[in-house]
Protein chains: 2
Amino acid sequence: MPPKPLDYGSINENVKKSQYAVRGELYLRASELQKEGKKIIFTNVGNPHALGQKPLSFPRQVVALCQAPFLLDDPNVGLLFPADAIARAKHYLSLTSGGLGAYSDSRGLPGVRKEVAEFILRRDGYPTDPELIYLTDGASKGVMQILNTIIRGQDDGILPVPQYPLYSATIALLGGTLVPYYLEETANWGLDVNELRQSVEQARFKGITVKAMVIINPGNPTGQCLSEANLREVLQFCYQENLALLGDEVYQTNIYQDERPFISSRKVLMDLGPPISKEVQLISFHSVSKGYYGECGQRGGYFEMTNIPPETVDEIYKVASISLSPNVPAQIFMGVMLHPPQPGDISYDKFVRESTGILESLRRRARLMTDGFNSCRNVVCNFTEGAMYSFPQIRLPPRALEAAKQAAKVPDVFYCLKLLEATGISTVPGSGFGQREGVFHLRTTILPDEEDMPAIMDSFKKFNDEFMEQYEDNRGYSRL
Amino acid sequence: MPPKPLDYGSINENVKKSQYAVRGELYLRASELQKEGKKIIFTNVGNPHALGQKPLSFPRQVVALCQAPFLLDDPNVGLLFPADAIARAKHYLSLTSGGLGAYSDSRGLPGVRKEVAEFILRRDGYPTDPELIYLTDGASKGVMQILNTIIRGQDDGILPVPQYPLYSATIALLGGTLVPYYLEETANWGLDVNELRQSVEQARFKGITVKAMVIINPGNPTGQCLSEANLREVLQFCYQENLALLGDEVYQTNIYQDERPFISSRKVLMDLGPPISKEVQLISFHSVSKGYYGECGQRGGYFEMTNIPPETVDEIYKVASISLSPNVPAQIFMGVMLHPPQPGDISYDKFVRESTGILESLRRRARLMTDGFNSCRNVVCNFTEGAMYSFPQIRLPPRALEAAKQAAKVPDVFYCLKLLEATGISTVPGSGFGQREGVFHLRTTILPDEEDMPAIMDSFKKFNDEFMEQYEDNRGYSRL
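Definitions and cut-offs
- Residues numbered from 1 in each chain as written.
- Chains lettered and ligands numbered in written order.
- Predicted model: local features only at pLDDT ≥ 70, side-chain atom pairs only at ≥ 80, totals over all residues.
- Heavy atoms only, no water.
- UniProt positions renumbered as here; feature names shortened; annotations may be inferred.
- Helix = DSSP H or I, 4+ residues; strand = E, 2+ residues; numbered from the N terminus.
- Buried < 20%, exposed > 50% of the residue type's maximum accessible area, 1.4 Å probe, protein only.
- Axes fitted to C-alpha atoms, helices over the stretch in contact; angles between N-to-C directions.
- Parallel < 35°, antiparallel > 145°, perpendicular 65-115°, else oblique.
- Contact = heavy atoms within 4.5 Å.
- Nonpolar A, V, L, I, M, F, W, Y, C, P; charged D, E, K, R; others polar.
- Salt bridge = Lys/Arg side-chain N within 4 Å of Asp/Glu carboxyl O.
- Least-squares fit on C-alpha atoms with pLDDT ≥ 70 in both.
- Pairing = 2+ DSSP bridges.
- Phe/Tyr/Trp six-rings, centres within 6.5 Å; stacked < 30°, edge-to-face > 60°.
- Right-handed = clockwise from strand over helix to strand, strands pointing away.

The name an unreviewed UniProt entry gives chain A is Alanine aminotransferase 3, with Glycine max as the organism. Note on chain A: under the UniProt heading Subunit (unreviewed entry), the record states "Homodimer." In UniProt, chain A has this text filed under Sequence similarities (unreviewed entry): "Belongs to the class-I pyridoxal-phosphate-dependent aminotransferase family. Alanine aminotransferase subfamily."

*Asks:* I'd like a rundown of unusual backbone geometry, residues and numbers included.
*Replies:* Of the consecutive residues Asn217(A) and Pro218(A), the connecting peptide bond is found in the cis state with omega at -10°. With respect to the secondary-structure elements, Pro218(A) resides in the loop between strand S5 (209-216) and helix H10 (228-241). Phi is positive for Asn242(A), close to 60°, though the residue is something other than glycine. Mapped onto the fold, Asn242(A) is located in the loop between H10 and strand S6 (244-248). Taking the relative accessible area as the measure of exposure, Asn242(A) reaches 25% and is therefore partly exposed. Unlike most non-glycine residues, Trp189(B) shows phi in positive territory, near 60°. Mapping Trp189(B) onto the fold places it in the loop between strand S4 (177-178) and helix H9 (193-205).

*Asks:* Got a sec to walk through the packing of helix H3 (residues 57-67) of chain A against helix H3 (residues 57-67) of chain B? Specific residues and values, please.
*Replies:* Two numbers describe how H3(A) lies on H3(B): the axes approach to 8 Å, and their chain directions differ by 180°. When the axis of H3(A) is compared with that of H3(B), the two are roughly antiparallel. Along the contact surface, H3(A) presents Arg60(A), Val63(A), Ala64(A), Cys66(A) and Gln67(A), while H3(B) presents Arg60(B), Val63(B), Ala64(B), Cys66(B) and Gln67(B). For the contact of H3(A) with H3(B), the class distribution of residues is six nonpolar, two polar and two charged.

*Asks:* Quick rundown of the pattern of salt bridges? Include the residues and the values.
*Replies:* By the definition in use, this model includes 56 salt bridges over all chains. Glu472(A) is the salt-bridge partner of Arg377(A), the closest N and O atoms lying 2.5 Å from each other. Within this pair, whereas Arg377(A) is found in the loop between helix H15 (348-374) and strand S9 (379-380), its partner Glu472(A) is found in the segment after helix H18 (453-471), the two being separated by 95 residues in sequence. Residue class for Arg377(A) comes out partly exposed when judged on its relative accessible area of 34%. Between Arg152(B) and Asp156(B) there is a salt bridge, and its shortest N-O distance comes to 3.1 Å.

*Asks:* Tell me about the relation of the copies chain B and chain A, residues and numbers included.
*Replies:* Note on the copies: chain B fits chain A at an RMSD of 0.0 Å, the axial shift is 0.0 Å, and the rotation between them is 180°. The transformation just described matches what one would write down for a two-fold rotation axis. In terms of C-alpha distance to the rotation axis, chain B has Ala64(B) as its closest residue, with the C-alpha 2.2 Å off the axis. Both copies share a contact surface, since 100% of the interface residues of chain B are interface residues in chain A too.

*Asks:* Please give an account of the sheet that holds strand S14 (residues 442-445) of chain A that cites residues and values.
*Replies:* Residue and element names in this part refer to chain A. Strand order across the open sheet formed by three strands is S10-S14-S13, with antiparallel pairing between neighbours. Whereas interior strands pair on both sides, the edge strands pair on one side only; in this sheet they are strand S10 (389-390) and strand S13 (428-429). Along the sheet, H15 contacts S10 and S14; its crossing angle with S14, the most-contacted strand, is approximately 150°.

*Asks:* Please give an account of the packing of aromatic side chains that cites residues and values.
*Replies:* For the coordinates displayed, the defined rule picks out 34 aromatic pairs over all chains. Centre to centre, the rings of Phe467(A) and Tyr471(A) are 4.7 Å apart; their planes meet at 50°, and the pair counts as tilted. Of this pair, Phe467(A) and Tyr471(A) both sit in helix H18, four residues apart, which is roughly one turn of the helix. Its relative accessible area of 9% is what places Tyr471(A) among the buried residues. Relative to Phe303(B), the ring of Phe285(B) has its centre 6.1 Å away and its plane inclined at 55°; by these criteria the two rings are tilted.

*Asks:* Which residues make up the pairing of S5(A), and what values do they have?
*Replies:* All names here are of chain A. Taking burial as the measure, the eight residues of S5 include seven buried ones, the bulk of the element. Where strand S3 (residues 156-158) meets S5, three bridges bridge the pair, whose relative direction is parallel. The residue bridging Asp156 from the neighbouring strand is Thr209, located in S5. Judged from the five bridges that link them, S5 and S6 form a sheet pairing that is parallel. Paired with Ile216 across the bridge in S6 is Asp248. Viewed along the sheet, the connection from S5 through H10 into S6 turns out right-handed.

In structure tokens, the structure reads:
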């Protein structure tokens, strides 16, 4: 019998090459254990509502009313919904042509894209054009579309690492080449332009056309906030090397320190002035899935294009149109997120109470987790300055490396599997994000409920310290 | 200055090659005219709510409650929502882990996938496995994922035509080759297996590996319902030629005649028995965007896999996981759609009234439109047996062809643009779907409001007959 079209041997090789550790071996094993009745703490993915975070009331009220527009004519509607949510729902329905059940323009509702542009102007102090803002089903879909536009084949290199595997997986799927640069762990995951330059030169030497680089700010998995000076260097580097910049800024409201507030790549680019501000091609991404919204399941995002020529913008529009339109309810979440209730509005106080409650708790959890990891044997961890993740380095003793080899596992996968089996804590091994040779990490979200956090960190410490005990030799030697 | 990474000359050639006429030149021109204040009737895309179709109350009530779960604890909730919608909302929330704001499993919520499997069993009389059902952001995203799994490069051909350009556009985007077969217009768009066989043989002669074929049943753009005998032939052909079958069945409840009810490809496959039923690799697609739901903007769909080996299913799961999860609200629409209110339920009568109202009106509109087209000079049109489209053949006189050539337009694009400018009716030229050499069509939806339909058809007839008058020579010659 010849192989059939969808037999494993017949399918697209790029599909097989693509790896996505966030829902990889560890996640699959955790799901199995859960089915068997074990209590699992899913800290593998930044999914706040799955770990008990409550949705903000105001945006949910607005979208619920848009889903049930017949309620707007009901005399009792005021018993269940505040007047400002009702007014907002009417506003957003007026921006649709046919409510939430109609496809929007493939770029998203024009009225919501206008609201995104207003937000960007307020945030950065520079105007932008709604025609250059496309709404998407979550930021991931936007990233995939832009990478598909850029990558022509295996000669096109891209530059993220350590990175969120959305990038590496998509690049593999599209048949592109990953050109890695390493962030500096000892400089709190700062970005060294000399390191960048070396990576690009090495890749070009191998014949790779390096076309773009990615920054994730605040960092995933690394949790750092890039300084303005660092961002300026990156943009100057992109200008000198003729690279497009993809700015993944989905964590822009997740900031847990005051020294380095979030600054957008676009603001820094505009501040640099011509020629750089007119030349560097920048695409910035945002999402309703992160921040204090955490509305992951709604799948809402946008990307904004700077210095992209109109012919290319048209091509991106055309490809977006093949899947007709992003989902409309999440477009409304995006509009509400960027235009929250204002002082004096009925819902203002409640909204502020709910949102600051979430952010302040995240800030405390970031600290609890960093301190917890740093209290463990052979574990060192930078403070989570932003985003939703802690990325401790785990210094595995040689005998643990040996045991991993025996088990035919990558060392950090070996460690994380043992952690999962012992404690139910489901993390992602650092090897899923890229890390320097011989150095090992894991990524965990800082999202478990604040009340549960001390017990989780105790449980981790107990596992880790016993693991180290087991695999360290008598001299207490640990690998650096 | 060297070209920049996102300049038109630098981007992925496959992106440029991909064409999607449903939102192509005609749609863009219509959008411009609308901006200028002209009244446009958007019949280019099957988007019922945009043309005034009201959403069904029950599913919207359920999803609105899921969006605002705090209402479930409100003593006044019963004033705005019926008890069965409240119960259903609680049921669907219990299937999530964290409500609508949490990512689901990348394949969709297990509980909803179970409900899809139950629906398929009821519909076909054969059980299926929820593990082989993946929920998607609309059927389009599922189709794109499956094509991406199949297509390895330009040697892999696929077989739809005349077809919905989602297929041709995606195949171009993925660098595959389109192998066309023609449906028989004079046999009410039936499918001729000899024609199919010839197409495959010709493609193989050119060195193309033909891997899969697509059927759209009921047909888009052609509106036909395939007979059971025809489906059987197609499946036998796939078995003989070692082709996977993609069954696009999103219009399965849009049926406007009684002779040929919808039968799923999967049922016909199972009825055929072994070896065929155990061998042919089938993927079937469904959606919440069509039928009497028409919930296009929600972006909900599923695909079901038959005879696909587990290793390939795992690869498809892995790639789905890169974009984390389909949007959760639309998963709930899918659940409700496949499990409507039952006799005795509070919402049953209203639900039946609303849904049959829509279907009966569509049936009348299908007839109105076919008759309207057939009353026009040089226009012949098969009856819309199912789906949402009318696909009349427009017999353009030689002088019209000449005028199109002068204007550097494909003849049917020329005609449709003139129609748009004269009447505001926004259609899609047949060339966007594929048609035999020298034969021209347009596609329009049957979705305009029933009340408006006579005026629209009058306006079309007036334009068409004047157009023909203008371009026919004195002998009244018209091109066949």
